[in-house]
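Chain residues, written in single-letter form:
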Amino acid sequence: MRKEFESITIARNGLTLALSKLVLLTFYFIGFLVLLIKELKPKGKVLTAFNVITLPIILLGTYLIITHMFYGLSHGSNVSQDFPWGIFIGFNVMVGVPFAGGAYVLAFVVYILNAEKYHPILRATILNGFLAYVFYASAIFLDLGRKWNILNPIIGNEFGVNSVLFLVAWHFLLYMIAQFIEFSPAIAEWLELKRLRKILSSMTLGACVFGIALSTLHQSGLGALFMMAKNKLHPLWYTEFIPVLFFVSSIFAGLSCVIVEGTISKKVFRHRMSEEYLKNYDDIVIGLARGCAITLFVYFFLKVLIFIHGKSWVYISSPMGIWYLVEVLGFVLIPCLMFYYGQRDRRINLIRVAALVTMLGVIINRINYSMIAYKWYLPLSEKYIPTWQEIVITLTIVFTQLWIFRWVVNRMPVYGEVPEWAKEKELEEEEYQAELGFTMANGGQRYRDY
Amino acid sequence: MKRREFLKVALSGLGLFASSAICSKTVFSSEIKAKTKEFFGVLVDTTRCIGCRTCEASCAESHSLPIPNIEDKSVFTKIRKPDEKTLTVVNRFLTEKGEIYVKIQCMHCNQPGCVAACLVKAMKKRKEGPVTWDENCMGCRYCMVSCPFDIPKFEYDEAFGRIMKCDMCYGRISSGKVPACVEVCPKEALTFGTRRDILNEAKKRIYQTPGLYVPYIYGENEVGGTAFLYISSYPFEKLNFQMDLGYTPYPEYTTGFLYSVPVILILWPAFLTGIHYLTKERKKEIER
Ligand code: SF4
Ligand code: SF4
């Protein structure tokens, strides 16, 4: 088929050329649709435990989401005048975004530091990050009181440029685009669009560089959101360094998430993984654990400095103080040590447990900021506790994301099975570059070829 | 390194970068800084307030909200806060100096946290002094998180909810009238005027009636100054006023972060691209 199209495109006449391109595009598009419909059928067994548990929840959740959209925010939700941000922002966004942080950390390691070792896990991580952002953006959408205005900060129905949230919103959007570009070569490989893949992968590095800058800012921006809640946050949690703390913790949160996700994927998607991936897997995990141990220690160190600097001894014997100690010692220092010993003695299982503990710690930390240490002075009866509907909707968002993740992994070369033609292209390109030398003039040559 | 490669990186990033520059460029603008032009405010003299709650009723009336039954004295048994249906409330405090009533509502800060929080500028500090809300709000409720006085409230029960808070009767002020509550107060506990005038008035009352007032004007410096000012015969902290807010305008807590944005957006990409090519060269050398 492709051959025929190509013979059409040789046509000299400008108009015919344009027309034929249009026809070509339409054909591609129709082909894509047909493929998509064909591919929507599930691969593998249908009656798995995962499906049986998640499907009913997703269906119920979808129903709840629809009713939630029509009857105002208070419908089946406990957000209140005292707690304007409930589980959708306080959990889905506050926790989901740092968990998706693995994508920018690994992009940094692979593309910037050129540490090839981690290349095999990069695609899965970026895919995860991208999906996470798409779904947490939808969580924000659900939580907006005036949903039809969501485009205002983007289309410029007034730019609140002095707002941290404005910045976060924009960076979310841009980062989603950047991540999509980073992942897109995999889509092109799946659809066998060789030419497109070449173009897309030439954009990867740029997307990564800006993706990292954007991540730095919105990861810390999430923390900066609480800077004006000064008198509402418990003094043990309020510090001018919240943005830095959020940034550093997004590194180990993301890496831990990659470790846990890899452990599960290795069971579920083993058939999709390349030899190379499976062979290097342990080494990769140990390297990640090292990263976690270091960043957790930096975080712990920062926490101690801030604690001493803030003269916070007075609060430590109160219930909130003890809760603070649980968070800092139990969920930062202990996993830090576990990671350290895990990577030193190559104990993969210890590393896995440490990753789970770290993730739990990050959840606790973010929930502290949005719910527990936030308005800590209110009695329990006035505090925010999510309703079952809110929890079901949250689960629906997470499960749908997993379903899509599975769908993509089962089709696209996510875990290393890059098709031969793409590999060859890469090699070719490397050699070609070496020949080309440093001059721009020669560089132009390359593009005339295709 | 190939210049062409570098160009590609630069170009594909440029799109993203240009759009982020929108966010960063204007960060340095001083819009949130107080306007130099004089603006209005209201002086609340708690020694004159008798707790009749006519201000509550007239406020509700002029904002088309359910009108409270002001004969009902049972509301005083607990401390109330303004909410989405009552934009101002009067609280009673039993002290050794007798009953003291305190009217509360939005303080109309000189540099409001809610305005700095809003990502679509639905919250605006008007040049006349009031802080108002507009329909382009998207209901994110970040203003509720960021207000030091915990004032903005959201209509959760509506599918088309609004942020509700006192707007100092912006419509009335701009047509030359005084706010509804000020107009109906039978005891002149509320005084409307330019902030400079009412500040002077407050000082005058404190100095000319020795022993009546505590020597403090609440709102003069709190969070950088507010358009509502309070004077009282009883220590403010015992009347449920927040005394720990400090004198720093709330928006300033985020400026440090916002200032770092353009710096990071410019330096990071350059820095990262640099490292990328350095490590790439080194990798090549090792391979050779
Ligand atoms: S009191 Fe709150 S709502 Fe009123 S202007 Fe100040 S920050 Fe805004
Ligand atoms: S809820 Fe509306 S007014 Fe408040 S910050 Fe969000 S967009 Fe602005």
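Residues numbered from 1 in each chain as written. Chains lettered and ligands numbered in written order. Predicted model: local features only at pLDDT ≥ 70, side-chain atom pairs only at ≥ 80, totals over all residues. Heavy atoms only, no water.

1. What to know about the pairing of strand 2 (residues 89-95) of chain B
All names here are of chain B. By the criterion of burial, strand 2 is predominantly enclosed, with 5 of the 7 residues buried. Both strand 2 and strand 3 (residues 98-104) contribute to a ladder of 7 bridges, which runs antiparallel. Bridge pairing in strand 3 links Thr95 to Gly98. (Buried < 20%, exposed > 50% of the residue type's maximum accessible area, 1.4 Å probe, protein only. Helix = DSSP H or I, 4+ residues; strand = E, 2+ residues; numbered from the N terminus. Pairing = 2+ DSSP bridges.)

2. Overview of unusual backbone geometry
All names here are of chain B. For Glu188, which is not a glycine, the phi torsion comes out positive at approximately 55°. Relative to the helices and strands, Glu188 resides in the loop between helix 6 (180-184) and strand 8 (190-194). Its relative accessible area of 56% is what places Glu188 among the exposed residues. The phi torsion at Val223 lies on the positive side, around 35°, for a residue other than glycine. Mapped onto the fold, Val223 is located in the loop between helix 7 (195-208) and strand 9 (228-231). On the accessibility criterion, Val223 (1% relative accessible area) is buried.

3. Details of the site of ligand 2
Looking at ligand 2, the residues that line it are Cys118, Val120, Ala122, Met123, Trp133, Cys137, Met138, Gly139, Cys140, Arg141, Cys143 and Ile163 of chain B. By residue class, the composition of the shell around ligand 2 is 10 nonpolar, 1 polar and 1 charged. (Near = heavy atom within 4 Å. Nonpolar A, V, L, I, M, F, W, Y, C, P; charged D, E, K, R; others polar.)

4. Observations regarding the interface of chain B and chain A
By a widespread convention, an interface's size corresponds to the accessible area lost as its parts come together. Every contact between the two is made by 77 residues of chain B and, on the other side, 77 residues of chain A. When chain B packs against chain A, close to 7,100 Å² is buried across both sides, 63% of that on carbon and sulfur atoms. For the pair chain B and chain A, the interface holds 6 salt bridges. Among the salt bridges present, the one from Glu135 of chain B reaches Arg146 of chain A, with a minimum N-O distance of 2.7 Å. Summed over the shared surface of chain B and chain A, the result is 31 residue pairs in polar contact (both at pLDDT 80 or more). Secondary structure elements with two or more residues in the side of chain B that touches chain A: helix 1 (3-25), helix 3 (113-117), helix 4 (142-146), strand 6 (153-154) and helix 8 (252-287) of chain B. A total of 18 residues in the side of chain B that touches chain A trace back to one element, the largest contributor, which is helix 8 of chain B. Per-class residue counts for the side of chain B that touches chain A are 41 nonpolar, 16 polar and 20 charged. (Contact = heavy atoms within 4.5 Å. Buried area = accessible area lost by both parts, 1.4 Å probe. Salt bridge = Lys/Arg side-chain N within 4 Å of Asp/Glu carboxyl O. Polar contact = N/O pair within 3.5 Å; in protein donor to acceptor, adjacent residues only side chain to side chain.)

5. Describing the sheet that holds strand 1 (residues 40-45) of chain B
Residue and element names in this part refer to chain B. Judged by pairing direction, the sheet is mixed, and its 3 strands sit side by side in the order 8-1-9 without closing on themselves. Looking at the sheet topology across the chains shown, the edges are occupied by strand 8 and strand 9. Going across the sheet, the axis of each strand differs from the next one's by a mean of 25°, ignoring polarity. (Axes fitted to C-alpha atoms, helices over the stretch in contact; angles between N-to-C directions.)

6. Concerning the pairing of strand 9 of chain B
In the case of a regular strand, side chains alternate between the two sheet surfaces. All names here are of chain B. Burial along strand 9 is two-sided: Phe228 and Tyr230 facing one way and Leu229 and Ile231 facing the other are all buried. Here strand 1 runs beside strand 9; their pairing, made up of 4 bridges, is parallel. Across the sheet, residue Val42 finds its bridge partner in strand 9, namely Phe228.

7. Some details on a nonpolar patch on the surface
Residue and element names in this part refer to chain A. A cluster of nonpolar side chains, Ile66, Met69, Phe70 and Tyr71, forms an exposed patch at the surface whose accessible area comes to about 450 Å². Residue position: Ile66 is located in helix 3 (residues 49-70). Since its relative accessible area comes to 46%, Ile66 is described here as partly exposed. (Patch = residues over 30% accessible without salt bridge, like charges linked within 9 Å, V, L, I, M, F, W, Y side chains within 5 Å. Areas by Shrake-Rupley, 256 points an atom, 1.4 Å probe, with all protein chains shown as cover.)

8. Description of the nonpolar core
Soluble globular proteins tend to bury their nonpolar side chains together. Ranked by internal contacts, the top residues of the largest apolar core, which has 201 residues, are Phe339 of chain A together with Tyr142 of chain B. At 15 residues, the largest contribution of residues to this core is made by helix 8 (residues 164-191) of chain A. Those residues within four positions of Tyr142 of chain B in sequence are excluded, and the remaining contacts are Trp85, Ser163, Val164, Leu165, Ala224, Leu225 and Met228 of chain A together with Ala117 of chain B. Of all hydrophobic cores here, the second largest spans 9 residues; its members include Leu199, Tyr213, Leu229 and Ile231 of chain B. (Core = buried A, V, L, I, M, F, W, Y, C linked by side-chain atoms within 4.5 Å.)

9. Quick word on the site of ligand 1
Residues in contact with ligand 1 amount to 14 residues; listed here are only the nearest, Cys106, Met107, Cys109, Cys114 and Cys147 of chain B. Partitioning the shell around ligand 1 into residue classes produces 11 nonpolar, 2 polar and 1 charged.

10. Description of helix 5 (residues 102-112) of chain A
Residues and elements named next belong to chain A. Of all 11 residues in helix 5, 10 are buried; the element is thus mostly enclosed. Looking only at helix 5, the buried set comprises Gly102, Ala103, Tyr104, Val105, Leu106, Ala107, Val109, Val110, Tyr111 and Ile112. Phi for Asn114, located one or two positions after helix 5, is positive at around 55°.

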